[in-house]
Amino acid sequence: MTDPIQLAQHLLASPLDARDIAIVERQLGRYPRGMVAVGARCACGRPLAVVTRPLLPGGVPFPTTCYLTSPEAVKAASHVEAEGTMREYGALVENDAETKAAYERAHQLYLEFRHAVAAQLGDSEEHIEGTSAGGMPTRVKCLHALVAQSLVMGSGTNPIGDMVLERVKDEFSPTLCRCSVDWPEQSEPEQSEEDERQ
Ligand SMILES: [Zn+2]
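For the structure given in this document, a descriptive report is provided here. (Residues numbered from 1 in each chain as written. Predicted model: local features only at pLDDT ≥ 70, side-chain atom pairs only at ≥ 80, totals over all residues.)

### Brief notes about the overall build of the chain
Part 1: When you go through the chain residue by residue, the secondary structure sums to eight helices and five strands.
Part 2: N-terminal to C-terminal, the α/β element order of the chain is α-α-β-β-β-β-β-α-α-α-α-α-α.
Part 3: For 198 residues, the compact-globule estimate of 2.2 N^0.38 gives 16 Å, and the chain sits close to it at 18 Å.
Part 4: Referenced to the eigenvectors of the C-alpha coordinate spread, the extents of the chain come out at roughly 65 × 40 × 25 Å.
Part 5: Counting over 198 residues, the chain shows a buried share of 40%.
Part 6: Residue pairs at least 24 apart in sequence account for 60% of intrachain contacts in the chain once pairs closer than 6 positions are excluded. (Helix = DSSP H or I, 4+ residues; strand = E, 2+ residues; numbered from the N terminus. Rg over C-alpha atoms; globule rule 2.2 N^0.38 Å. Buried ≥ 20, exposed ≤ 12 C-beta atoms within 10 Å, placed from the backbone. Contact = placed C-beta atoms within 7 Å.)

### Digging into the pairing of strand S1 (residues 35–41)
Part 1: Taking burial as the measure, the seven residues of S1 include six buried ones, the bulk of the element.
Part 2: Relative to strand S2 (residues 47–52), S1 is paired through five bridges, and the arrangement is antiparallel. Bridged to Met 35 within S2 is Thr 52.
Part 3: Between S1 and S2, which follow one another and run antiparallel, lie five residues, and Gly 45 among them has a positive phi close to 105 degrees. (Pairing = 2+ DSSP bridges.)

### Notes on the environment of Glu 94
Part 1: The residue Glu 94 is located in helix H4 (residues 85–95) in this model.
Part 2: Distance in space between the C-alpha atoms of Glu 94 and Gly 134 is 15 Å, their sequence separation being 40 residues.

Structural data, given as structure tokens:
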């Protein structure tokens, strides 16, 4: 687990790479609006989750700061949701004191991280203040958001996100590449033809 403020500074320090944007665009099937950094990468280097700014272009408030983009991770989280485990996780958060406390802490860390991102970008959090993601701090509503937090902020941050990652490790793991999205071309078509001739 990394300090959320340091993490935000670290992630936003490197400028966005056109190739990363192109990969995420392929992963989502649309341009990643508000993407300000790659939050987590696969062992191969492709983005798994991105950091999205709190205020999207056009002034749309966006609370899901850690956004899962890897189609393999999205699919794995969807499988777990379809297995009906949400209720199990929800009961843990409600009844198990340790999980409950860790989940509340994950919520706080999410807010701290977003606040640091917002401060650096000068974004207003007016409409999403106190709102994190995935149902936190008391409910389990979207495993994708919780897994994204675990991937971006590291294991030990979100107890449910960590449990989901452990559960799906034979289907998705950040340490073992199963990426299906192609790398985009490095350069313009004329340029690559020239490169091939050399
Ligand atoms: Zn990969």
